[in-house]
Amino acid sequence: MAEKKQIKERIQATNKTYQITSAMNMVSTSKLKRSEKSLKTFRPISDEIIRIMTSLLASNDELTHKALLSSSSKPCYIIIASDRGLIGNYNNALFKFFEAYIASHHKSNDDFMVATIGFKAYMYAKKKKYNIVNQESVNNRDDILFTDFEDVSNSILKMYLNDEIGKTTVFYSVFINTLNSKIVREHLLPIHIRERDKNNIDSINYTYEPGKESVLDSMINLYINYSLYRIMLEAKTSEHAARMNAMKNAKDNAKEIEEKLTLLYNHARQNQITTELIDIINGSNAV
Amino acid sequence: MIELKIYTPKGIEHEEKYDSIVVYDQHSGSFGVLSGHIPVISTISNGYVCVKTGESEKFIAVKGAVFKMQNDEASIVSEEIAIGESSEDAMNKLKESYLRRLNENKERNVELALAENELKKQIKKSKAGHI
């Protein structure tokens, strides 16, 4: 009897888990679609910023900026993880990838700086006792805004220009399709204009207000912010896909366990009925 | 007339034709453009654009933006925008939304830290590792 009750309770708990994971799976699916759409909308905007900067640099060969030149100061790594869990191996795979890179490139934690985006990344960096650029966790919300991360991106640029940090690399997970994502590292600083971007410049002779140097100075800041925003959108899309898969697996497992438990419950119920019948038969035989 | 399109990460947020546009940046000052202006590019770290059609004028506060104009087609790529009846009104709206977001983020950080502690406590309590 007690066994039957226990199994019943486990079935109820598993059913509840199934319902929750099903709902989370559906939510992640819809968020993934929205995130993919945001990424699609943002790409031409990001390309426009790159085009304006490339055209500006192409307009004058002597035009240069410290953010375009390499630095020998200690490197800085930006880790973009999620704010919340229930996401399968998404964060752990990223952290392992980062640790493997650190192990092969540095001997001590003092040889580099770390900036984090996402609560999980912040907690990880704190636990590992890395030298963290941001004093508190930088949110990685579903509705990303520049406000969320511009403090840390401005600090990184300022530190780079003051030679406090050198080459800056971002570690994040990039979305390939709903089943696959890839962890990548992308260089943010010094700014490197790709060859294909160099061929995609505006042919119009623009006037720059108030002057080319001043516009370039502002453009560098915008370039960093817009690049980081694009990277965060990529990571967010990958996060939603990972959560969708994790919740699908959890949902399937919950269903399987529920079926097994129902079988177990039916066995226990049958055992109880058999025992009761034997008791009745034995009783009637005794009479 | 100048056709102005304002893009934010959400897509095109504003699209209209105006007689003139004045671009104002807190750091680099201001300049105005009329129809037929030579191609121009400028950045607006923090500022606004004043757009006029006939007697009516509107102020659009922008942040982290690039203004570009050629052939009477102007575009602004901006992180965020806020439209107001005066420059102060538009700038205040943008500042308010910035501060609101910062407060939300602070509260969220506390919530996440509490949730993480609670989860750790519950996992320890359930002795999940001993099952």
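The rules behind the values
- Residues numbered from 1 in each chain as written.
- Chains lettered and ligands numbered in written order.
- Predicted model: local features only at pLDDT ≥ 70, side-chain atom pairs only at ≥ 80, totals over all residues.
- Heavy atoms only, no water.
- Helix = DSSP H or I, 4+ residues; strand = E, 2+ residues; numbered from the N terminus.
- Rg over C-alpha atoms; globule rule 2.2 N^0.38 Å.
- Buried < 20%, exposed > 50% of the residue type's maximum accessible area, 1.4 Å probe, protein only.
- Areas by Shrake-Rupley, 256 points an atom, 1.4 Å probe, with all protein chains shown as cover.
- Contact = heavy atoms within 4.5 Å.
- Buried area = accessible area lost by both parts, 1.4 Å probe.
- Salt bridge = Lys/Arg side-chain N within 4 Å of Asp/Glu carboxyl O.
- Polar contact = N/O pair within 3.5 Å; in protein donor to acceptor, adjacent residues only side chain to side chain.
- Nonpolar A, V, L, I, M, F, W, Y, C, P; charged D, E, K, R; others polar.
- Pairing = 2+ DSSP bridges.
- Axes fitted to C-alpha atoms, helices over the stretch in contact; angles between N-to-C directions.
- Expected span 1.5 Å × (residues − 1).
- pLDDT = per-residue confidence, 0-100.
- Core = buried A, V, L, I, M, F, W, Y, C linked by side-chain atoms within 4.5 Å.
- Phe/Tyr/Trp six-rings, centres within 6.5 Å; stacked < 30°, edge-to-face > 60°.

Draft legend 1. Geometry of the overall build of chain A. When helices and strands are tallied, chain A shows six helices and five strands. Across chain A, helices and strands are ordered from the amino to the carboxyl terminus as α-β-α-β-α-α-β-β-α-β-α. The C-alpha radius of gyration of chain A comes to 28 Å, more than 25% above the 19 Å expected for a compact globule of 287 residues. On the principal axes, the C-alpha backbone points of chain A span a range of 115 × 45 × 30 Å. Out of the 287 residues belonging to chain A, those deemed buried represent 48%. For chain A, the accessible surface area stands at approximately 15100 Å², while carbon and sulfur atoms represent 51% of it.

Draft legend 2. Layout of the interface of chain A and chain B. Each partner contributes residues to the interface: chain A has 38 residues there, and chain B has 36 residues. Carbon and sulfur atoms supply 56% of the area buried between chain A and chain B, which totals about 3300 Å² over both sides. Our count for the contact surface shared by chain A and chain B stands at five salt bridges. In this structure, R141(A) and E104(B) form a salt bridge, with 2.8 Å as the shortest nitrogen-oxygen distance. Our count for the chain A to chain B interface comes out at 18 residue pairs in polar contact (both at pLDDT 80 or more). Looking at which element gives the most residues to the side of chain A that touches chain B, the answer is helix 6 (residues 212-286) of chain A, with seven residues. Taken together, the residues of the side of chain A that touches chain B break down into 18 nonpolar, eight polar and 12 charged.

Draft legend 3. Representation of the sheet that holds strand 3 (residues 168-175) of chain A within the structure. Residues and elements named next belong to chain A. Within the open sheet, the four strands sit side by side as 2-1-3-4. Their pairing is mixed. Because the sheet does not close on itself, it has two edges, and the strands there are strand 2 (113-117) and strand 4 (181-189). Strand-to-strand twist of the sheet, defined as the mean angle between neighbouring strand axes without regard to direction, takes the value 25°. One ladder, built from five bridges, connects strand 1 (residues 76-80) with strand 2; its direction is parallel. Across the sheet, residue C76 finds its bridge partner in strand 2, namely M113. Against the sheet, helix 4 (residues 146-161) touches strand 1, strand 2, strand 3 and strand 4, its axis set at about 160° to strand 2. On the sheet, helix 6 packs against strand 1, strand 2, strand 3 and strand 4 and is oriented at approximately 35° with respect to strand 3.

Draft legend 4. Structural view of helix 4 of chain A. Between the first and last C-alpha of helix 4 of chain A there are 21 Å, a value that for 16 residues agrees with the 22 Å anticipated at 1.5 Å per step. A positive backbone phi angle near 65° is found at D163(A), which sits one or two residues after helix 4 of chain A.

Draft legend 5. View of the confidence of the model for chain A. A residue-level look at chain A finds 99% of positions with pLDDT of 70 or above and a mean pLDDT of 91. At the low end of the mean pLDDT range in chain A sits helix 5 (residues 195-198) of chain A, at 71; at the high end sits strand 1 of chain A, at 97.

Draft legend 6. View of the nonpolar core. By size, the foremost hydrophobic cluster in this structure holds 58 residues, and its most contacted members are M53(A), I78(A), I80(A), F149(A), I191(A) and M219(A). For this core, the secondary structure elements donating two or more residues are helix 1 (2-59), strand 1, strand 2, helix 4, strand 3, strand 4 and helix 6 of chain A. For this core, the element with the highest residue contribution is helix 6 of chain A, accounting for 15 residues. Not counting residues up to four positions away in its chain, the partners in contact with I80(A) are Y90(A), L94(A), I117(A), N140(A), V170(A), F171(A), Y172(A), I231(A), M232(A) and A235(A). The next biggest cluster of nonpolar side chains, apart from the first, holds 20 residues, and it includes L4(B), V51(B), A74(B) and I76(B).

Draft legend 7. The pattern of salt bridges, seen in detail. According to the stated counting rule, one finds 23 salt bridges over all chains in the structure shown. Measuring nitrogen to oxygen at the nearest pair gives 3.3 Å for the salt bridge that ties K66(A) to D163(A). Remark: D163(A) occurs in the loop between helix 4 and strand 3 and K66(A) occurs in the loop between helix 1 and strand 1; sequence separation between them is 97 residues. Taking relative accessible area as the criterion, K66(A) reaches 38% and is therefore assigned partly exposed. The exposure class of D163(A) is partly exposed, given its relative accessible area of 41%. With a shortest N-O distance of 3.9 Å, E15(B) and K5(B) are connected by a salt bridge. Within this pair, whereas E15(B) is found in strand 2 (residues 11-18), its partner K5(B) is found in strand 1 (residues 2-8), the two being separated by 10 residues in sequence.

Draft legend 8. Focus on the pairing of strand 7 (residues 73-77) of chain B. Residues and elements named next belong to chain B. Counted residue by residue, strand 7 has four buried out of five residues, so it is predominantly covered. Across five bridges, the pairing between strand 6 (residues 56-70) and strand 7 is antiparallel. Bridging from a neighbouring strand, K68 pairs with S75 of strand 7. Where strand 6 hands over to strand 7, the hairpin turn is made up of two residues, of which N71 adopts a positive phi near 50°.

Draft legend 9. Highlighting the packing of aromatic side chains. Residues and elements named next belong to chain A. Considering all chains together, one arrives at 20 aromatic pairs over all chains under this definition. Measuring from ring centre to ring centre gives 6.0 Å for F42 and Y226, while their planes differ by 10°; the resulting arrangement is stacked. One end of the pair, F42, is in helix 1; the other, Y226, is in helix 6, with 184 residues separating them in the sequence. Here Y226 falls in the buried class, since its relative accessible area comes to 1%. Ring geometry for F98 and Y130: centres 5.8 Å apart, planes at 85°, overall edge-to-face. Here Y130 lies in the loop between helix 3 (119-127) and helix 4 and F98 lies in helix 2 (residues 90-105), a separation of 32 residues in the sequence.

Draft legend 10. View of the confidence of the model for chain B. Of the residues in chain B, 88% have a pLDDT of 70 or more, and the chain-wide mean is 87. Long-range and interchain partners of residues 126-131 of chain B, a stretch whose pLDDT sits below 50, account for one contact in this model, where long-range means more than four residues apart.

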